[in-house]
Amino acid sequence: MSISSTPSAPSAPGPDELLAMARSLGEELVTLRRDLHRHPEPSFQEVRTAGIAAEACRAEGFRVTTGIARTGVVAEIGGSGDGTGEPDGEPVVALRADMDALPITEENTHDHASRVPGWMHACGHDAHVAGLVGVARLLGTLAREGRLPPGRIRLLFQPSEEGMDDEGKSGARRMVEEGAMEGVRQVFGLHVGSHLPRGRVVLEPGPFFAGSDELFATVRGRSSHAARPHEGVDAVVLAAHVVTAAQQVVARRLSPTDTGVLTFGKIHGGTAQNIIADRVRLEGTLRYFDPAVRRRLREGVEGAMEVARALGGEAELTIRDGYPPLVNDPAATDRARRAAVEVLGPDALLRAEPTLGAEDFAYLAREAPGAFMWLGAALPDPREHHHPRFDIDDSVLPMASALLARMALL
């Protein structure tokens, strides 16, 4: 008598196989990233980029929804246990990439430099999109082979991380409002770091990126001839006093153990060199981790406006809410750290202090436990983010794809 047995289903790939699969896509991902770099698109206008992402996901069998948050793409796979069925209520793991570029004129001369005057991918969002397309390629292959574990995996191609719309809402906030995070159990994101060694990962639980608010102030004086300053009230001098007073907020209103930043990065005023200015416009930002620090910074900058009033001028201040602090969930961080060690090895993890930069992934991490990481991608001559010569070692793209896929598959 013979005994027959049912063959077991193919197992999901281990980290080594997953990285090997991703490396086989390396040339394709680099080509895609450089194409995206040539064609940067502003916030909420990422039509070409979104179209490329949507088409790549459809080709891999994902259920794709476009037009989320204007130009965003939501692509999902899994849901019936075999990687091909419709959603069945199983929990979702979400992976996010941002798509927008910056209003910077590129100074690089390589063949994939920006072809759009005044715009460039100066923060690596082109690499993020290419990396997440790589994830779609990996998961699509596993689904066709019957190796995709139960559950649903959702890819979020998000517009406008760098800016907000007229209502003060960024792409992540818009995507949350339009349902992109419904059913998500955990969410993960990755940012290439042009300042970090290639292939090294920075990932810590707790506050990781700062919260930020935007400052808009107008200081008013009274115009007169430059030769008769006593007949006017010099708004330039008033603004200088306001800026100096604002800098004392961090130095004297915060404890030395607190973390906060208050910066005026843009000042504009005056009409001619021989006219006392009657108005100066100031724009800036404040950064914080602790809500109590945020409150003291806001109170302090409001107090700095009083200096202009005390000297005979007027001052108006508007503070616009920005991104909240990005706080990495401990359990999600453990999962992401495990993926990093499995894919890149135990020496991949670096320790680093939280950054006072802001990141609107924070909105996603408020909807579900999340973890956000840096992946080092420095060139031998490292380039700064948000700089006209920004660039990365894009050979890290397969690492990015394998890392994100592994987080989803654990």
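The numbering scheme is per chain: residues are counted from 1 as the chain's sequence reads. For a predicted model such as this one, the threshold for reporting local features is a pLDDT of at least 70, and the threshold for listing and counting side-chain atom pairs is 80 or more; totals across whole chains, interfaces and linings nevertheless cover every residue. Side-chain metrics rest on all non-hydrogen atoms present in the structure, leaving aside hydrogens and water.

To continue, consider empty space enclosed by the protein. Computed over the protein atoms alone on a 1 Å grid, cavities are sets of points where a 1.4 Å probe fits but cannot get out and pockets are open sets with protein on both sides within 12 Å along at least five of seven lines; a residue lines them when it has an atom within 4 Å of a point. Grid points are joined across faces, edges and corners, and a volume is the space filled by probe spheres set on the points. In the structure shown here, the tally under the stated rule is 1 cavity of 30 Å³ or more. In this structure, the largest cavity spans a volume of roughly 40 Å³. Lining the largest cavity we find Arg96, Ala97, Ala127, His128, Gly131, Leu190, Ala400 and Leu404. Going through the elements one at a time, strand E3 (92-98), helix H4 (125-144) and helix H10 (397-409) are the ones with two or more residues in the lining of the largest cavity. Numbering of helices and strands runs from the N terminus; a helix is a DSSP stretch of H or I covering at least four residues, while a strand is a stretch of E covering at least two. Tallying contributions element by element places H4 first for the lining of the largest cavity, with 3 residues. Three classes are used, and their members are as follows: Ala, Val, Leu, Ile, Met, Phe, Trp, Tyr, Cys and Pro are nonpolar, Asp, Glu, Lys and Arg are charged, and the others, Gly among them, are polar. Split into classes, the residues belonging to the lining of the largest cavity amount to 5 nonpolar, 2 polar and 1 charged.

Before going further, it helps to spend a moment on helix H8 (residues 330-344). Helices are assigned an expected span. That span is 1.5 Å times one less than the residue count. Taking 1.5 Å per residue, 15 residues should reach 21 Å; H8 reaches 21 Å between its end C-alpha atoms and fits that length. All buried positions along H8 are accounted for by Ala332, Thr333, Arg335, Ala336, Ala339, Ala340 and Val343. The arc that holds the buried residues of H8, viewed along the axis, is 160°, so those residues lie on one side. Summarising the geometry of H8, the exposed residues directed more than 90 degrees from the buried face are Pro330 and Asp334. Gly345 lies just past H8 and shows a positive phi near 100°. The classification of residues rests on relative accessible area computed with a 1.4 Å probe and restricted to protein chains. Under 20% of the type maximum is buried, over 50% is exposed, and intermediate values are partly exposed. To obtain the arc, one takes the directions from the helix axis to the C-beta atoms.

Let us now look at the sheet that holds strand E10 (residues 260-269). Spatial strand order, E10-E12-E8-E13: 4 strands in an open sheet with antiparallel pairing. With one partner strand each, in any of the chains shown, E10 and strand E13 (314-321) form the two edges of the open sheet. Direction aside, the axes of adjacent strands within the sheet are offset by 20° on average. As paired strands, E10 and strand E12 (residues 279-288) are joined by 9 bridges and run antiparallel to one another. Following the sheet pairing, Ile267 is matched in E12 by Leu282. Here, any two strands with at least 2 DSSP bridges between them count as paired. What counts as an axis is a line fitted to C-alpha atoms, over the stretch in contact for a helix, and the angles between N-to-C directions run from 0 to 180 degrees.

Further remarks concern helix H6 (residues 235-253). In an α-helix, one full turn covers 3.6 residues, which means residues spaced three or four apart are oriented alike. In a regular helix each residue adds 1.5 Å, so 19 residues correspond to 27 Å; H6 covers 26 Å between its end C-alpha atoms and thus fits that length. Three or more residues of H6 are buried, namely Ala235, Leu238, Ala239, Val242, Val243, Ala246 and Val249. Residue contacts are defined here by distance: any two heavy atoms, one from each residue, within 4.5 Å place the two residues in contact. Where H6 is buried, its residues meet strand E8 (211-220), E10, E12 and helix H7 (291-310). Any pair of N or O atoms that falls within 3.5 Å is considered a polar contact. Within protein, one atom must be able to donate a hydrogen and the other to accept it, and sequence-neighbouring residues count only if both atoms are side-chain atoms. With a side-chain oxygen lying 2.9 Å from the backbone nitrogen of Val236, the N-terminal cap of H6 falls on Asp234.

All right, on to the pattern of salt bridges then. The term salt bridge refers to a pairing of a side-chain nitrogen on Lys or Arg with a carboxyl oxygen on Asp or Glu at a separation within 4 Å. This model, assessed by the stated rule, comprises 38 salt bridges. The partner of Asp381 in a salt bridge is Arg383, and the shortest N-O contact between them spans 3.7 Å. Asp381 gets classed as partly exposed once you look at its relative accessible area, which sits at 43%. Residues participating in the shared-partner salt-bridge network are Arg70, Asp165, Glu167, Lys169, Arg173, Arg174 and Glu177.

Time to look at the confidence of the model for the protein. In regions of low pLDDT, the predicted coordinates are not meant to be interpreted in detail. When pLDDT is averaged along the protein, the result is 94; 95% of the residues meet or exceed 70. For every residue, the predictor assigns a confidence score, pLDDT, that lies between 0 and 100. A low-confidence stretch, residues 1-6 stays under pLDDT 50, and its non-local contacts, those more than four residues away or across chains, total 0 contacts. Note that residues 81-85 has pLDDT below 50 and, in this model, 11 contacts with residues that lie over four places away or in other chains.

Next up on the list: the sheet that holds E3. With mixed pairing, the 8 strands of this open sheet are ordered in space as E1-E2-E4-E3-E5-E16-E6-E15. Two strands bound the open sheet, and with one partner strand each, they are strand E1 (63-68) and strand E15 (349-350). In terms of strand pairing, E3 meets strand E5 (residues 184-193) through 5 bridges, oriented parallel. Bridge assignment links Leu95 to a residue of E5, and that residue is Phe188.

Interhelical geometry of helix H2 (residues 26-38) versus helix H3 (residues 47-59) gives an angle of 160° and a closest axis separation of 10 Å. If you check the angle between H2 and H3, you find them roughly antiparallel. Here H2 and H3 pass one another in a crossing that is right-handed. Judged by residue contacts, Leu32, Asp35 and Leu36 of H2 engage Arg48, Thr49 and Ile52 from H3. Looking at the contact of H2 with H3, its residues break down into 3 nonpolar, 1 polar and 2 charged. Roughly parallel means an angle under 35 degrees; roughly antiparallel, over 145; roughly perpendicular, 65 to 115; everything else is oblique. Helix crossings are classified by the rotation of the near helix relative to the far one: an anticlockwise turn of less than a right angle makes the crossing left-handed, while a clockwise turn makes it right-handed.

The next thing to look at is the nonpolar core. We define a nonpolar core as any set of buried Ala, Val, Leu, Ile, Met, Phe, Trp, Tyr and Cys residues linked to one another through side-chain atoms lying within 4.5 Å. Leu95, Leu139, Ile153, Leu155, Phe157 and Leu403 are the most contacted members of the largest nonpolar core, which totals 69 residues. It is H4 that provides the largest number of residues to this core, a total of 11 residues. If we ignore the near neighbours within four places in the chain, the residues touching Phe157 are Ala53, Cys57, Gly72, Val73, Ala97, Met99, Val129, Leu132, Val133 and Met175.

Glancing now at unusual backbone geometry. One non-glycine residue, Phe44, adopts positive backbone phi at about 65°. Looking at the secondary structure, you find Phe44 in the loop between H2 and H3. According to the relative accessible area criterion, Phe44 is buried, its value standing at 11%. Positive phi values are uncommon outside glycine, yet His386 reaches one of about 60°.

For the largest pocket, the calculated volume is near 1,100 Å³. Taken together, 45 residues make up the lining of the largest pocket; nearest its centre are Leu102, Glu162, Arg287, Ala358 and His386. Mapped by element, the contributors of at least two residues to the lining of the largest pocket are strand E7 (206-209), E8, E10 and E12. Examining the composition of the lining of the largest pocket, we find that 5 residues originate from one element, E8, more than from any other.

Two rings from Phe, Tyr or Trp (for Trp, the six-membered ring) form a pair when their centres sit within 6.5 Å of each other. Planes less than 30 degrees apart are called stacked, planes more than 60 degrees apart edge-to-face, and all others tilted. In total, this model carries 5 aromatic pairs according to the counting rule given. Taking the centre distance of 5.6 Å and the plane angle of 80° together, the rings of Phe209 and Phe372 count as edge-to-face. Here the residue Phe209 occupies a position in strand E7, and Phe372 occupies one in strand E16 (residues 370-376), the gap between them amounting to 163 residues. Plain terms: the ring middles of Phe361 and Phe372 are 4.9 Å apart, the flat faces sit at 40° to each other, and that makes the pair tilted. Highlighted residues: Phe361 in helix H9 (residues 361-367) and Phe372 in strand E16, separated in sequence by 11 residues. Residue classification places Phe372 among the buried positions, given a relative accessible area of 0%. Through successive ring pairs, a cluster of aromatic residues spans Phe208, Phe209, Phe361, Phe372 and Trp374. Placement of a positive charge over a ring is assigned whenever Lys NZ or Arg CZ falls within 6 Å of the ring centre and within 35 degrees of the normal to the ring plane. A cation over a ring is seen here: Arg70 above Phe44, with NZ or CZ 4.6 Å from the ring centre.

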